[in-house]
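Below, each chain spelled out in residue letters.
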Amino acid sequence: MADVSEVLMSVLSTIRVPKPGDRVHKDECALSFSSPESEGGLYVCMNSFLGFGSQYVERHHARAGQRAYLHITRTRKAKKEDDNNSGSGHPPKKKPTRLAIGIEGGFDVEQEHYEEDYKVVIFPERQEVTSEDLGAMPDVVKERVSLSMAGIIAADSVSHALQVQQWDGEVRQESRFAADLKQLDNGVKIPPSGWRCEVCGLQENLWMNLTDGKVLCGRRYFDGSGGNNHALLYFQETGYPLAVKLGTITPDGADVYSYDEDDMVLDSKLPEHLSHFGIDMMTMEKTERTMTELEIAVNQRVGEWEVIQESGTTLRPLFGPGLTGMKNLGNSCYLNSVMQVLFTVPDFVSKYVSNMDKIMDEAPSDPTQDFKIQVAKLGYGLSSGDYSKPAPDPGDENAAAEHKDYQIGIAPRMFKALVGRGHPEFSTNRQQDAQEFLLHFINMVERNCRSGPNPSEAFRFLVEEKIVCQQSRKAKYTQRVDYIIQLPVPMDQAINTDELQEAERRRENGDSTATPVRAQIPFAVCMAALSEPELLTDFWSSAVQTKTTATKTTRFASFPDHLVIQIKKFTFGLDWVPKKLDVSIDVPDTLDLSALRALGQQPGEELLPEVAPPPLMTPDVEVKGILGSHGNEEDDSLYSPLLSPVLDDSTVSQLCDMGFPLEACRKAVYYTGNTGIDSAMNWLMGHIDDPDFSAPLVLPGCSGGTTPTMESISEEHLATIVSMGFSREQATKALRATSNTLERAVDWIFSHLDDLESMEVSEGGRSAAESEAAREPPPGPCVRDGPGKYELFAFISHMGTSTMCGHYVCHIKKDQQWVIFNDQKVCASEKPPKDLGYLYFYRRVAE
């Protein structure tokens, strides 16, 4: 023991006690998905508090020189049987009665019960020291080591802090209209039963307006059920804000909805408000499910095998390399589905999995914050098969359920925290749009692959847009980079129109037994809608120097190795309420897009002159420059800084009338090039969640009064951008162009890579080539090209009313067998629902 005591004394200065704010990684290895439950347990460095599995702890010791580690092992306790068990060995689960997680009456969060063992291990000798051993050591050793052990054990692990343990979806706020709600003295009295919608006669999902007693049906759900939106339409007509759901009124309360606040609310004066219309709250009985009960029913169905999850079919669980499930960390199924698909793409496997050893050898001091490390860790975890094993039988800690659906799988906590850091949506535990996450992740890959192979190139392609002035017949060609095709859904082209109309007629007549009918849209019709010319009604033609009509045609200037198609199922109704189109599309297994290849300028075709439209002037500005001149020495923009950007004021006004912020409308019109209300609206919808959505329009390169000087540039922002591989001068240029806003500067710099790489930047941050004419044309983006023939290899499906709720699963074709990945369930697919997908992934067919 004296030898161990001497060793501990020699490393005592490196042993730290965790302080508030220290990140303690005691649940997951920084370089793999090993945990205290894994074979060999987890070793936590007692200096950096990083955790390492048994296969990586020697590497960390050799590189970091640390010798003292807290070894944590965790073994599952056998569950005790309940006195009221059903005889199966497991106590019956209570049915949830609250829309909540981790609290009484809510959804049960399985709490595993473990026995934990802790000991200090000294490397490289691997000498072990238990708490009992410390008692016989000198006080100075015993005190420091015991405090460090206790601090690590007591600290919340990083993964625990990121995980939502408790959530209550029933917490409602008092409506601001409740206290002073004005009720009309119109003599209306509501009977205790027998209600009908006063417009369509529907007898369920009925809401009584608390201002005038009008009884109307509720909103229509995505699958056609629910109501006919008459209560909502009535609010839009009258502005009467509060309504109570009939059938939910009991002495304890009722469902009250505020249309103005767009949420379920509390009404402290509900008995008084109901009494005004002759309803005695104390005598009412519940006859219809509350909104909470409806949501609970939906949440209970998530995880069962519904249509997309192939319900009614016994699915065979699969295990092995490339067949690893992923744990749902709380609405992380969108991330799980996207990453499962990406790591079947050879470029991502080659970049991150095949180079795993090299990447790990180059790991920084804190690998938990390194993008390449965490992506490689995830890719290897999915591909290796090391974690593709049946989950242990809860009733027997030593047995594995041979045919159990669930896998041990991997929990991508570090990965999710890293890729979501700083993002207003992906840093939360709310449900997200899989398409938006795919683009977000591709953007991160682009940022981190400026040198060496870039796997995002597998999806990158060029789009050619051809605009033809209808008056002069002259054309303009532009190209842009894209990663996804967004396929429109022409609902008016459904092939089962008669069935849809009949179902709608029955619903309007109040037939609650009418079966919802799904619109069937041919895939060829969607492709035709994508490729047909778009009419631009407010196009400014440089040929005729005025506004006229034009047609815009979109074609492929290159075909990527892998093609992603998004079905635009999520849209807005006439009332601007988000809704999901319930459609079935016969998406083909093979695709030939050769006919959509861009042809470029045709022989004899004249191009529109490269002349800018006249600027939109403000009355209080004195014009001191002419179009195309530089306002002063420091201005490298195309216009004098005294001139406002070219904006179509009528389009800006129309957008403002719809309720969008003025500056957002100005940016929408500017960035869509005055091409009309539709394109500007699409821009607004695509950027509505941007943190700078309402910020003033800032033109790149403009050095007006709001552009920061060299002295005002944030050194912290500069350091962040330089750490991404850019020079200090390039970082300065980006921050100057975006008013010193880090997030916008990062986006700006990645959208101007070619410009930055083709210029020499001086200390002042300005280009050495002062004018556009002095610059050499920058090289185009790196894109692959080949035949436009593809085969389907994966698709991601969504269930729910919008991208902000519901559930995602993915199907991937492996060795000619379709496999369904539903979080921790990985099974052979029997009936892959290819007609109900949201994102489709194709790969090029070799000729």
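Numbers given for residues are sequential positions, taken from 1 along each chain in its written order. Note on the predicted model: pLDDT of at least 70 is required for a residue's local features to be given, and 80 or more for side-chain atom pairs to be given and counted; whole-chain, interface and lining totals, by contrast, use all residues. Excluding hydrogens and water, the side-chain values take into account all heavy atoms of the structure.

(A) Geometry of the nonpolar core. We call a set of buried Ala, Val, Leu, Ile, Met, Phe, Trp, Tyr and Cys residues a nonpolar core when their side-chain atoms join them within 4.5 Å. Any residue under 20% of the maximum accessible area for its type is buried, any over 50% is exposed, and the rest in between are partly exposed; the area is computed with a 1.4 Å probe on protein chains only. Ranked by internal contacts, the top residues of the largest apolar core, which has 94 residues, are Leu 8, Val 145, Met 339, Tyr 352, Phe 437, Phe 441 and Phe 841. Only heavy atoms matter for contacts: two residues are in contact if any of them lie within 4.5 Å across the pair. Ignoring anything within four residues of it in the chain, the contact list for Leu 8 reads Ile 15, Val 120, Ile 122, Val 129, Leu 134, Met 137, Val 141 and Val 145. One finds Leu 206, Phe 235, Val 265 and Leu 270 within the second-largest nonpolar core, a separate group that totals 33 residues.

(B) Molecular detail of the environment of Lys 269. Helical segments are the DSSP runs of H or I of at least four residues, strand segments are the runs of E of at least two, and each set is numbered from the N terminus. For Lys 269, the location among the structural elements is in the loop between strand E13 (263–266) and helix H7 (270–275). Sequence separation between Lys 269 and Asp 180 is 89 residues, and the spatial gap between their C-alpha atoms is 9.4 Å. Leaving out residues up to four positions away in the same chain, Lys 269 has contacts with Ala 178 and Ala 179. Polar contact is defined as a pair of N or O atoms within 3.5 Å, subject to the rule that within protein one atom must be able to donate a hydrogen and the other to accept it, and that residues adjacent in sequence are counted only when both atoms are side-chain atoms. At 3.0 Å, the side chain of Lys 269 forms a polar contact with the backbone oxygen of Ala 179.

(C) Examining the pattern of salt bridges more closely. By definition here, a salt bridge exists when the distance from a side-chain nitrogen of Lys or Arg to a carboxyl oxygen of Asp or Glu is within 4 Å. A complete count under the given rule lists 33 salt bridges for this structure. The salt bridge partner of Asp 482 is Arg 480, with a shortest N-O separation of 2.7 Å. With a closest N to O distance of 3.2 Å, Glu 791 and Arg 843 form a salt bridge. In this pair, Glu 791 is assigned in strand E25 (residues 789–799) and Arg 843 in strand E29 (residues 837–844), connecting sequence segments 52 residues apart. Glu 791 sits in the partly exposed class, given a relative accessible area of 32%.

(D) Main features of the environment of Asp 589. Positionally, Asp 589 belongs in the loop between strand E23 (583–585) and strand E24 (590–592). Among the residues examined, Asp 589 registers a relative accessible area of 37% and is labelled partly exposed. Between the C-alpha atoms of Asp 589 and Leu 792, which are 203 residues apart in sequence, the distance is 5.0 Å. Once you skip the residues sitting within four places of it in the chain, Asp 589 turns out to touch Tyr 790, Glu 791, Leu 792, Lys 834 and Tyr 842. A distance of 2.8 Å separates polar atoms of two side chains, one belonging to Asp 589 and the other to Lys 834.

(E) Region of the structure containing the pairing of strand E26 (residues 807–814). The element E26 is extensively covered by neighbouring structure, given that 6 of its 8 residues are classed as buried. The pairing of E26 with strand E27 (residues 817–822) spans 5 bridges and is antiparallel. Each residue of the ladder has a partner; that of His 811, found in E27, is Ile 820. Counted along the chain from E26 to the antiparallel partner E27, the turn is 2 residues long, and its residue Asp 815 has a positive phi close to 50°. At least two DSSP bridges between two strands are needed for those strands to be called paired.

(F) Focus on helix H12 (residues 371–384). Take the number of residues in a helix, subtract one, and multiply by 1.5 Å to get its expected span. Helix length check: H12, at 14 residues, gives a terminal C-alpha distance of 20 Å against a target of 20 Å (1.5 Å per residue), a fit within 8%. For H12, the buried fraction is high: 11 of the 14 residues fall into the buried class. Buried residues of H12: Phe 371, Ile 373, Gln 374, Val 375, Ala 376, Lys 377, Leu 378, Gly 379, Gly 381, Leu 382 and Ser 384, and no others. Those residues of H12 that are buried lie in contact with helix H9 (333–342), helix H10 (346–353), helix H11 (356–361), helix H13 (413–420) and helix H14 (434–448). Taking the backbone nitrogen of Lys 372 as reference, a side-chain oxygen 3.3 Å away marks Asp 370 as the first, capping residue of H12. Phi for Gly 385, located one or two positions after H12, is positive at around 85°.

(G) Molecular detail of the sheet that holds strand E6 (residues 127–129). Reading across the sheet, the 5 strands line up as E2-E1-E3-E5-E6 and stay open at both edges, with antiparallel pairing between neighbours. The sheet is open, and its two borders are formed by strand E2 (51–53) and E6, each paired with just one other strand. The average undirected angle you get between the axes of adjacent strands in this sheet is 35°. Bridge count between strand E3 (residues 68–76) and strand E5 (residues 114–122): 9 bridges; the pairing is antiparallel. The partner of Tyr 69 across the bridge, within E5, is Val 121. To obtain each axis, a line is fitted to C-alpha atoms, and for helices this fit is confined to the stretch in contact; angles are then taken between N-to-C directions over 0 to 180 degrees. Running at roughly 140° to E5, helix H4 (residues 139–154) makes contact with strand E1 (42–45), E3 and E5 of the sheet.

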